[in-house]
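Secondary and tertiary structure notes
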Amino acid sequence: MKQVFGVLGNPIAHSLSPVMHNAAFEALGMDCTYHAFRVEKQNLGDAIKGAKAMGFGGLNLTVPLKEAATRLIETDPLAARIGAVNTIDFRDGIRGYNTDGIGARKTLEGAGVDIKDKNVLILGAGGAARAIAFTFAEAGAKVNIANRSPERAMHLAAEVGNVNGFGLDILDRCLEDTDILINTTTVGMDPNIGDTIVTADRMHSGLTVFDIVYNPLRTRLLLEAEAAGARPVTGIMMLVYQGAEAFRIWTGVEPPVDVMKKAVMEALKL
């Protein structure tokens, strides 16, 4: 009987995780299948326990379930600090992890960008920003957080520790010394294509600009980076690498990253 894996969330129909993971299972000849399940937040605990009882191999969680899961299951130390879980493993009880920050770090490393001792400016203070801020700070980056609401940025900065948080009004001053700019907001995402927080005239040529938005692949922010002579990095590989890390946690098998990337690109018709 096939071992079942899945992603829980609401909405969930748009998820590319089934396409990505099923391609990986097929490529490795593993008798496994991955599906998307719509789950309301109030039913999350029952859904996790039910998946465990039915012998699921593991789960991913997406909006709006990541934060709620930390109150329901045991988490690894990083996921506990982030305050969000996107991966659940059933091999030894029920344990939660967060692979979003790892996915972001590996995306930059794959583009030839080392984050250690670099000045990293994160736009946004939501769930993805939390994961990246904690993970990058632990990896030795010098992290700053800018958000439309300065209070949210400062609150997250205080939680991470040794990190600065501020509003968008002083963004230009901070950008001068920034090595890596990361957009974790939905600005530029379909249907907001054409919008951007930072334009080319505010960038410098030594800047790496990473937009975790992957649809469209080349966002307005990345087009502005190209115009400024900066290095653009798309969000497609963050999706792939966070999924690959979850695959590794569940199976102990090295994931076929190229296969997963190809499946996502084909699904997006890129």
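Scroll up for the structure.
Criteria and cut-off values
- Per chain, residue numbering runs from 1 following the sequence as it is written.
- At least 70 in pLDDT is required for a residue's local features to be given in this predicted model, at least 80 for side-chain atom pairs to be given and counted, and no such filter applies to totals for whole chains, interfaces and linings, which use all residues.
- Based on all heavy atoms of the structure, the side-chain values leave hydrogens and waters out of the count.
- The way it works is that DSSP assigns letters per residue, a run of H or I at least four long becomes a helix, a run of E at least two long becomes a strand, and they are numbered from the N terminus.
- We define a salt bridge as a side-chain nitrogen of Lys or Arg found within 4 Å of a carboxyl oxygen belonging to Asp or Glu.
- Exposure categories follow from relative accessible area, calculated using a 1.4 Å probe and restricted to protein chains: below 20% of the type maximum is buried, above 50% is exposed, and the middle band is partly exposed.

Omega for the peptide link from N10 to P11 comes to 5°, which places this bond in the cis form. Inspection of the secondary structure assignment puts P11 in the loop between β1 (3–9) and α1 (17–28). Looking along the chain, the bond that leaves V63 and enters P64 is cis, with omega of 5°. With respect to the secondary-structure elements, P64 resides in the loop between β3 (58–61) and α3 (66–69). Look at N162: it is not a glycine, yet its phi comes out positive at around 55°. Within the fold, N162 resides in the loop between α7 (150–160) and β9 (164–167).

With that settled, the discussion passes to the pattern of salt bridges. Enumeration according to the criterion identifies 14 salt bridges in this entry. Of the charged contacts, one joins E138 and R81 as a salt bridge, the two residues approaching to 2.0 Å between their closest N and O atoms. Residue E138 is found in helix α6 (residues 127–138), and its partner R81 is found in helix α4 (residues 77–82); the two are separated by 57 residues along the sequence. Since its relative accessible area comes to 37%, R81 is described here as partly exposed. One salt bridge connects R220 with E224, and the closest N-O pair in it is separated by 2.7 Å. Placement of the pair is R220 and E224 together in helix α9 (residues 220–228), with a separation of four residues, close to one helical turn. Judged by its relative accessible area of 30%, R220 is partly exposed. Through salt bridges with shared partners, a single network forms among K106, E245, R248 and E254.

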